[in-house]
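Results of the structural survey
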There are 2 protein chains.
Amino acid sequence: MARVATEFSGKLGLRLPLIAAPMAGGPSTPDLVAACSAAGALGSFGFAYTQPDEMKRQAALVRAKTDRPFGINLFVSPQPGAIDPASQRSALEAVAAYYTEMNLAKPEAVKPPYAPDLEAQLAAVEEIKPAVFTVHLGGLKREQVQRFQAQGALVGGSANCVAEAKGLQAAGFDFVIAQGGEAGGHRGSYLRDPYQSLTGTLALARMIVEAVEIPVVAAGGIMDGAGIAAALALGAECAQMGTAFIPCPESGAAQAHKDLLVKLTEDETAITEKFSGKPARGLVNRFMKEMASSPQLAFPAQNALTGKLRQASARAGKPDFIALWAGQAAPLARALPAAELIAALEKETLRALKHLKGLVHES
Amino acid sequence: MARVATEFSGKLGLRLPLIAAPMAGGPSTPDLVAACSAAGALGSFGFAYTQPDEMKRQAALVRAKTDRPFGINLFVSPQPGAIDPASQRSALEAVAAYYTEMNLAKPEAVKPPYAPDLEAQLAAVEEIKPAVFTVHLGGLKREQVQRFQAQGALVGGSANCVAEAKGLQAAGFDFVIAQGGEAGGHRGSYLRDPYQSLTGTLALARMIVEAVEIPVVAAGGIMDGAGIAAALALGAECAQMGTAFIPCPESGAAQAHKDLLVKLTEDETAITEKFSGKPARGLVNRFMKEMASSPQLAFPAQNALTGKLRQASARAGKPDFIALWAGQAAPLARALPAAELIAALEKETLRALKHLKGLVHES
């Protein structure tokens, strides 16, 4: 059978130019990462909220199942310090009734650190030595990039605008992920107002391909082989897909989240800061609507504050308080095992490329 | 030389699957429409604010220059009735200082009709008999669609969501324009909240291609041949590009608008209702910023209210009060004559399709 390969996907030995996106907070389990990598995509861990020891444990689980390459992603935005009592109180009050509704004890004040220590996480990545290491919500210093490259990793960063892409290139990154406005989950913005950085994937990926020399991975709104072909047409070397993998049986997303995704007929997403403190795209639910004008803490303190509520909602099979991250093309989601999905994506990509070939008429 | 053709573009005898978007309020002059059509794209009139006699005059000017097909677009949203004095007063007060700044007389109260009569415009389209007739901001009744089809026109409508696309198909439309969130100018939304219908082109076009049987035209964020190839990869039969044609010498856009477009390095657009009363995407300028929380009239009364101000700003070469409509990929704009731009787009599309062909490796 024919294969679709770019220089970037060839370097990683992928069966098709596809990264299964890192999805922190549940979906990207070792099972999903291993299944994606074994099937020829690049499986990825979203380790934003994962402690170093757990990172190492999960990476070992993948290595026990497959020798194919995988990626690790970290959030690199700085954490805030201690929160003043008044802000803490109003943020707690805003969510208290939901804790009660879910039969949870009153939410407690959150204290730093609100998330794992970044330096310790970076050290864990150095130990794990993944084939690909990517960062979100910021860049890395040139020396840090070089340290991971010296271990053989391809190092990538996310850009929501041209300036972020150029900055990553200047810092020596191997590739840039153009995260279009369609993308589910956290917006990667750090140089511009995130609400002024919601440029659609088709526009953003093309602008970034034109602006930098390093390979571009297109992310946002890609759900099938036609989408992968479109990303390649824009000059991207690879597509990154997250939402498409959420309904997979190997994904650790809440069942209520999976069930909602495969029933959609329209884009029912919006951007919210209420789950974590940073803007992220997800399916609109009660929490997003009711909290719209309520106070919140800075990222990731708000994430710590809402943790028990999100978990209780997931356990109860109730979508009201789950962070239902999803991209705008979520209605194209399918509930397939990762290997079947990736095989389907490969066939669809080849079909789309064949269709395009047929549109050229020699005269 | 090779040609890129789809069934849709073949039916219209186009040199490449490209519609030069209808741009009301200035850009789409008879010169631009004629130049685009003569060069093998489908030139289009944006006649939203044009009186029937003027429509006929301009169409005749195009026919004097080329026998190639062209399109006409109308806005079909209903006009509001008379506006109550209090609303009128506050809307006038909100813009009064700008009128003074531009040495204009105080703005006057606006009265219905705020825009040309739609029935009379539809009758003019019947007289003109364009090859393509499209509507924005709504649909048409099945009988109306059939009346234009009986004259040989292909009839199209704009959709910002799947339901709008399905509705157009159900009413017998020949094709649907999937207007992604990247697109410049007025959002076409009419079934959903326009702010909940900002789905990116890559996501929206693919969802609509999957949801309907009729041909889909992809619009929004497409600025070059790679973008056209991406639209075709998504299964669209044609790309529609507006912003790319604004800097053309044949375009009637204000010089200040053209000059700004070709200097951009980032997406500097946002959605505003302040120029016309309906949400539209344009480059952020002083009017958009300062008016953000000011009162406005309903569409198209607000358009009538801001008319003299916009014109004076354009005459003065001052971008502050011009509606600087632009899509999110505007930084890719080039100032070329329409025929040169279209020749470049054709070459780029062929190059992109050749690149894609080269990514398939037989094993």
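One numbering rule holds for all chains: residues counted from 1, following each sequence as written. Lettering for chains starts from A, numbering for ligands starts from 1, and both go in the order in which the items are written. Local features in a predicted model are, by the rule used here, given only for residues with pLDDT of at least 70; side-chain atom pairs are given and counted only at 80 or more, and totals for whole chains, interfaces and linings are based on all residues.

**Overview of the overall build of chain A**
Short version of the rule: A helix here means a DSSP run of H or I that spans at least four residues, while a strand means a run of E at least two residues long, and both kinds are numbered starting from the N terminus. Using C-alpha atoms as the atom set, the radius of gyration is obtained and then compared with a globule rule of 2.2 Å times the number of residues to the power 0.38. Here a residue counts as buried when 20 or more other C-beta atoms sit within 10 Å of its C-beta, as exposed when there are 12 or fewer, and as partly exposed otherwise, the C-beta atoms being derived from the backbone. Here the contact rule is simple: place C-beta atoms from the backbone, and any two residues whose C-beta atoms are within 7 Å are in contact.
Counting secondary structure elements, chain A contains 13 helices and 13 strands. What you see for chain A is a C-alpha radius of gyration of 20 Å, in line with the 21 Å of a compact globule of 363 residues. Summarising its shape, the C-alpha atoms of chain A cover approximately 70 × 45 × 40 Å along the three principal directions. Burial analysis of chain A (363 residues in total) assigns 60% to the buried set. In chain A, once contacts between residues fewer than 6 apart in sequence are set aside, the share between residues at least 24 apart is 70%.

**Notes on the relation of the copies chain A and chain B**
Our working rule: Only residues with pLDDT of at least 70 in both copies count here: their C-alpha atoms drive the least-squares fit that superposes the copies.
Between chain A and chain B, which share one sequence, the superposing operator has a rotation angle of 180 degrees and an axial displacement of 0.0 Å; the RMSD is 0.0 Å. This pairing of chains is accounted for by a two-fold axis. Ranked by how close their C-alpha atoms come to the rotation axis, the residues of chain A are headed by Ala230 of chain A, at 2.1 Å. A shared binding surface is used by both copies, with 100% of the interface residues of chain A retained as interface residues in chain B.

**Observations concerning unusual backbone geometry**
In this chain, Pro112 of chain A is followed by Pro113 of chain A through a cis amide linkage whose omega measures -5 degrees. Tracing the chain through its elements places Pro113 of chain A in the loop between α4 (85-101) and α5 (118-128). The phi torsion at Asn103 of chain A lies on the positive side, around 60 degrees, for a residue other than glycine. As for its placement among the helices and strands, Asn103 of chain A is situated in the loop between α4 and α5. At Leu137 of chain B, a position not held by glycine, the phi torsion is positive, near 70 degrees. Relative to the assigned elements, Leu137 of chain B resides in the loop between β5 (132-136) and α6 (142-150).

**With respect to the interface of chain A and chain B**
Let me state the cut-off plainly: Three categories are distinguished: nonpolar for Ala, Val, Leu, Ile, Met, Phe, Trp, Tyr, Cys and Pro, charged for Asp, Glu, Lys and Arg, and polar for the others, with Gly belonging to the last. Only strands that DSSP links by at least two bridges are regarded as paired with each other.
With 50 residues of chain A at the interface, the matching set in chain B holds 50 residues. Secondary structure elements with two or more residues in the side of chain A that touches chain B: β1 (3-4), α7 (162-170), α8 (201-211), α9 (225-233), α13 (338-357) and β13 (360-361) of chain A. Classifying every residue of the side of chain A that touches chain B gives 27 nonpolar, 15 polar and eight charged. Pairing of β1 of chain A with strand β13 (residues 360-361) of chain B, which is carried by two bridges, proceeds in the antiparallel orientation. Among the inter-strand pairings, Arg3 of chain A is bridged to a residue of β13 of chain B, identified as His361 of chain B.

**So, the confidence of the model for chain A**
We count it as follows: Every residue is assigned a pLDDT by the predictor, reflecting its confidence on a scale from 0 to 100.
In the predicted model, chain A carries a mean pLDDT of 98, and 100% of its residues have values of at least 70. Of the two predicted TM-score estimates for the complex, the pTM is 0.98 and the ipTM is 0.98.

**Some words on the environment of Ala34 of chain A**
All names here are of chain A. With respect to the secondary-structure elements, Ala34 resides in helix α2 (residues 30-38). Sequence separation between Ala34 and Ala339 is 305 residues, and the spatial gap between their C-alpha atoms is 10.0 Å. The contacts of Ala34, once residues within four sequence positions are left out, are Gly43, Val62, Lys65 and Thr66.

**A word on the sheet that holds strand β8 (residues 185-186) of chain A**
Residue and element names in this part refer to chain A. Taking strand neighbours across the sheet as the criterion, the three strands line up as β8-β12-β11 in an open arrangement whose pairing is antiparallel. The strands lining the two open edges of the sheet, one partner per strand, are β8 and β11 (269-272). Here four bridges tie β11 to strand β12 (residues 280-283), and the two strands are oriented antiparallel to one another. Within β12, the position partnered with Ala270 by the bridge is Gly282.

**Side note on the sheet that holds strand β2 (residues 18-20) of chain B**
Residues and elements named next belong to chain B. The condition is simple: An axis is simply a line fitted to the C-alpha atoms; with a helix, the fit covers only the stretch in contact. Between two such axes, the angle follows the N-to-C directions and lies from 0 to 180 degrees.
Spatial ordering of the open sheet is given by β2-β10-β9-β7-β6-β5-β4-β3, a layout of eight strands whose pairing is parallel. This sheet does not close on itself; its edge strands, each paired only once, are β2 and β3 (43-46). Sheet twist, expressed as the mean angle between neighbouring strand axes with direction ignored, is 25 degrees. Of the strand pairs in this sheet, strand β4 (residues 70-75) and β5 are connected by five bridges, and their pairing is parallel. Paired with Gly71 across the strands is Val132, a residue of β5.

**With respect to the nonpolar core**
Going by this rule: Defined on buried residues, the nonpolar core groups Ala, Val, Leu, Ile, Met, Phe, Trp, Tyr and Cys residues joined through C-beta atoms within 7 Å.
In terms of nonpolar packing, the biggest core is built from 257 residues, with Ala178 and Ile208 of chain A together with Ala178 and Ile208 of chain B touching the most fellow members. If sequence neighbours within four positions are ignored, Ile208 of chain B has contacts with Ala159, Val162, Ala165, Val176, Ala178 and Val216 of chain B.

**Structural notes on the pairing of strand β12 (residues 280-283) of chain B**
Sheet topology note: the strand β8 (residues 185-186) of chain B/β12 of chain B ladder contains two bridges and is antiparallel. Considered in β12 of chain B, the bridge of Gly185 of chain B is made with Arg281 of chain B.

**Quick word on the pairing of β4 of chain B**
Residue and element names in this part refer to chain B. Formally: When the strands point away from the viewer, a crossover counts as right-handed if the path from the first strand over the helix to the second runs clockwise.
Judged by how many residues are buried, β4 sits mostly within the fold: six of six residues are covered. The side-chain alternation of β4 yields two buried faces, one formed by Phe70, Ile72 and Leu74 and the other by Gly71, Asn73 and Phe75. As judged from the four bridges shared by β3 and β4, these two strands associate in the parallel manner. By the bridge assignment for β4, Ser44 is matched with Gly71. For the crossover from β3 across helix α3 (residues 52-65) to β4, the handedness is right-handed.

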